[in-house]
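Here is how the chains run, residue by residue.
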Amino acid sequence: MRHLISTKNLSNQEVLDIFKDAKDFLDKKPRTLLEGKSITTIFFENSTRTLSSFESAARRLGARVLRLDVARSSSSKGETLYDTAANLDAMSPNAIIIRHSHSGAPQILSHHIHCPLINAGDGKHAHPTQALLDLFTIYEHFKGEIKGKKITIIGDIKSSRVANSNIDLLTRFGLEITLVAPPHFMPNSNLNYTYDIKKAIEKADIIMSLRTQVERHEKIVYASLKDYANDFCINSSLINDKKVILLHPGPVNRNIDISDEVMNDPRNLVLKQVEHGVAIRMAVLKKFILEN
Amino acid sequence: MRHLISTKNLSNQEVLDIFKDAKDFLDKKPRTLLEGKSITTIFFENSTRTLSSFESAARRLGARVLRLDVARSSSSKGETLYDTAANLDAMSPNAIIIRHSHSGAPQILSHHIHCPLINAGDGKHAHPTQALLDLFTIYEHFKGEIKGKKITIIGDIKSSRVANSNIDLLTRFGLEITLVAPPHFMPNSNLNYTYDIKKAIEKADIIMSLRTQVERHEKIVYASLKDYANDFCINSSLINDKKVILLHPGPVNRNIDISDEVMNDPRNLVLKQVEHGVAIRMAVLKKFILEN
Amino acid sequence: MRHLISTKNLSNQEVLDIFKDAKDFLDKKPRTLLEGKSITTIFFENSTRTLSSFESAARRLGARVLRLDVARSSSSKGETLYDTAANLDAMSPNAIIIRHSHSGAPQILSHHIHCPLINAGDGKHAHPTQALLDLFTIYEHFKGEIKGKKITIIGDIKSSRVANSNIDLLTRFGLEITLVAPPHFMPNSNLNYTYDIKKAIEKADIIMSLRTQVERHEKIVYASLKDYANDFCINSSLINDKKVILLHPGPVNRNIDISDEVMNDPRNLVLKQVEHGVAIRMAVLKKFILEN
């Protein structure tokens, strides 16, 4: 049984195969590939965007979705995560899509269930479908010519599962990554990095702004959000007339991550990412349910 | 792209066409008219009744429904309403059904999305499908002979989007409206009004009692609910053996809006309204999704 | 119109017919028996397990499910349970599945609705589908030879709707019941009982451990949970190498109801019960919707 815990679970060829399917699925036609299949979503962390993207994807393939309402679940009766999963599994879903605030929770659970488990984000660890849709958006924009493209990742990189999964995938596909962040947001890594956002953007083909995960930091970071925005918010003067595209996993903190003006800029592909997200998740569900 | 923000978006002929479809749909048979279509519901205000009416309608036509759980959504992460809508839109639903506590929110959003938007109630502004189902209930009861019928609207009219939408629609179809309410619940309008409920009911063919929107008023109104009920609750002695029908959008505050006794009276069409509501919403979804 | 409020609503032959259907449904293939049917779930008490079991069952038969979110419903606007039910009913579902914290609530409601009502647990009264799936698990394990089998029921029997429904059903099928519990958890009944768990387990073919319903007791019981566990937790030394099967309705309080070690024991059929639960609920929905 194969699970999608991290981008590392997929070979480069498999990623390209997923992109091929996703491209087909961009026609938005309803399909019956997963008719009769049951997919359970269980999100232990609040989310509308990713949850509805997965559920839209599942339904567009004809699957039935059972949404587990965790706030009301037996977890609040003291049940262990393992018991919750074992019980879900005993109802024989064809796939379980899970989000959890603890890094590694999906990995542990995957050993105890009998259907593919798709990680929809775990703690600071991984968010594989987000990285897939980000790379797919870049791949589509540059018509497949992505090797050697320069990407600048900006923001709270250290706490970001989106950055982790992207760094793995972008590196494997030959993109050149530069990290930009204030020191307390910068991870230890072998990658190029700088504290100078202007310099970093100068040569970039792609800017990936991350969400400032204010909810994962101490209160003191809140107080300095304005200072952060002064230094790292993507605004018009930073990108002026550069030929560049801008990505962000959403939801965007307006005027902290990206300025209002740049939100309306045609180089901003944030909504394209959302559209691509449904198609990528359709391709992932198809692969992990039908080819497993 | 046409949206249903208010009853003013529909011509009288279109209203009658909706009634014709709704009458067919009263057979309650499942249909496949919207098979393969995806409908998103996003309710920023609590509701079971209207939400489940819309979702039942969508499913009875074969559509798939994605319910957005707003309490858990990115709104709580500080996302703007516009960004939430743009993101939903990027997932390419075939219609969005929205309820919002701010008057005008659906109107603003409708400019930014690429599918029909159906207003399921916005602040004190409009609730078009409620007015349609109310008029449909009257229309069915009087077998289409509704011109000149006298309707008395009672209650918290000033804060009521139900009253607003009904006043537009009832007037256009030639019904004669009289408003009855205590002064602080009475809107400024050109309509007939009185503070004397007995006199108002005397000549009425139809009584429309509104829900006392206790949650939209200051605490001082709570204190006087009992006084309100003394004066304006529809009870047996008010309607004794009159030939009249009684409507209410629900949920009814028993013994404040309507007495227990009158709740069981055959002239009370509250449950008929609920039944008609599903059929009307089926007709509305059919029209706005298939004819747009 | 027939409703499933308690196991007493079913003859022994009907129970066996349900088991026959459930056995077929264990193949987990999707079916179209309830295509075009609408099922409403309304749970006034928190639950993931039973709710998702019913919803999985409904979907696996091709029905559409409308989940009522009671926390957000008009109940919080002060609507009576009767009005909520009458309104649901007016939307013409093909079945209503209800859980309620008040014993008897489903019985009262069943008089006012026009579709089969399935009780998914009411207060301390009844939980018929749980008892059906428990007996089905025993029936499958012993290949139908259940008459005369000895079952020991352990735990908070007095407050347990699961115990109530099981005691009715197990007795009717000729099993010999012994109750084991501390005095404050022991009901008044004509059944064999003992306070000595070792003696009770000695002769048992089946052990049914119940969930300690800590949420239904006063705080003082919490304080003695550890004492309870010392005396009544099912652990390895109690069952050592006995030939016995262990049931529990879940969620299990680990090391209070059942020890970690026994949770992993092959004689523990807790997950089998969950699997059987979906099949039993499919059979129940088929019977009450199609044969009514």
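Residues numbered from 1 in each chain as written. Chains lettered and ligands numbered in written order. Predicted model: local features only at pLDDT ≥ 70, side-chain atom pairs only at ≥ 80, totals over all residues. Heavy atoms only, no water.

Put simply, the rule is: UniProt positions are given in the numbering used here, feature names are shortened, and annotations may be inferred rather than shown by experiment.
As named in an unreviewed UniProt entry, chain A is Aspartate carbamoyltransferase, taken from Campylobacter novaezeelandiae. Annotation of chain A in UniProt includes, under Catalytic activity (unreviewed entry), the sentence "carbamoyl phosphate + L-aspartate = N-carbamoyl-L-aspartate + phosphate + H(+)". Of the comments in the UniProt record for chain A, the one headed Function (unreviewed entry) reads "Catalyzes the condensation of carbamoyl phosphate and aspartate to form carbamoyl aspartate and inorganic phosphate, the committed step in the de novo pyrimidine nucleotide biosynthesis pathway."

Some words on the side chain of serine 259 of chain B
Residues and elements named next belong to chain B. Threshold: Secondary structure elements are defined from DSSP: runs of H or I of at least 4 residues count as helices, runs of E of at least 2 residues count as strands, and each element is numbered from the N terminus. Each residue is assigned to one of three classes by its accessible area relative to the maximum for its type, calculated with a 1.4 Å probe on protein chains only: buried under 20%, partly exposed between the two thresholds, exposed over 50%. Only heavy atoms matter for contacts: two residues are in contact if any of them lie within 4.5 Å across the pair.
Inspection of the secondary structure assignment puts serine 259 in the loop between β9 (245-247) and α11 (260-263). Given a relative accessible area of 10%, serine 259 falls into the buried group. With residues up to four places along the chain from it excluded, the contact list for serine 259 reads Cys233, Ile234, Asn235 and Ser236.

Quick notes on the pattern of salt bridges
In plain terms, the rule: We define a salt bridge as a side-chain nitrogen of Lys or Arg found within 4 Å of a carboxyl oxygen belonging to Asp or Glu.
Taken as a whole and judged by the stated rule, the model has 48 salt bridges over all chains. Between lysine 286 of chain B and aspartate 21 of chain B there is a salt bridge, with the nearest N and O atoms lying 2.9 Å from each other. In this pair, lysine 286 of chain B is assigned in helix α12 (residues 270-290) and aspartate 21 of chain B in helix α1 (residues 12-25), connecting sequence segments 265 residues apart. There is no split in this pair, since lysine 286 of chain B and aspartate 21 of chain B are both buried. The salt bridge partner of lysine 150 of chain C is glutamate 176 of chain C, with a shortest N-O separation of 3.6 Å. Highlighted residues: lysine 150 of chain C in strand β5 (residues 150-154) and glutamate 176 of chain C in strand β6 (residues 176-180), separated in sequence by 26 residues. Under the relative-accessibility criterion, lysine 150 of chain C is labelled partly exposed at 32%. The exposure class of glutamate 176 of chain C is partly exposed, given its relative accessible area of 41%. Look at the salt bridges and you will find they share partners, linking Arg2, Glu14, Lys287 and Glu291 of chain A into a network.

A look at the relation of the copies chain C and chain B
Using the following cut-off: Here the copies are superposed with least squares, the fitted atoms being C-alpha atoms of residues at a pLDDT of at least 70 in both.
Under the fitted operation, chain C is carried onto chain B by 0.0 Å of movement along the axis and a turn of 120 degrees, and the coordinates agree to an RMSD of 0.0 Å. Such values leave the two copies arranged in the relation of a three-fold axis. Within chain C, the C-alpha atom positioned nearest to the axis of rotation is that of arginine 64 of chain C, 5.5 Å from it.

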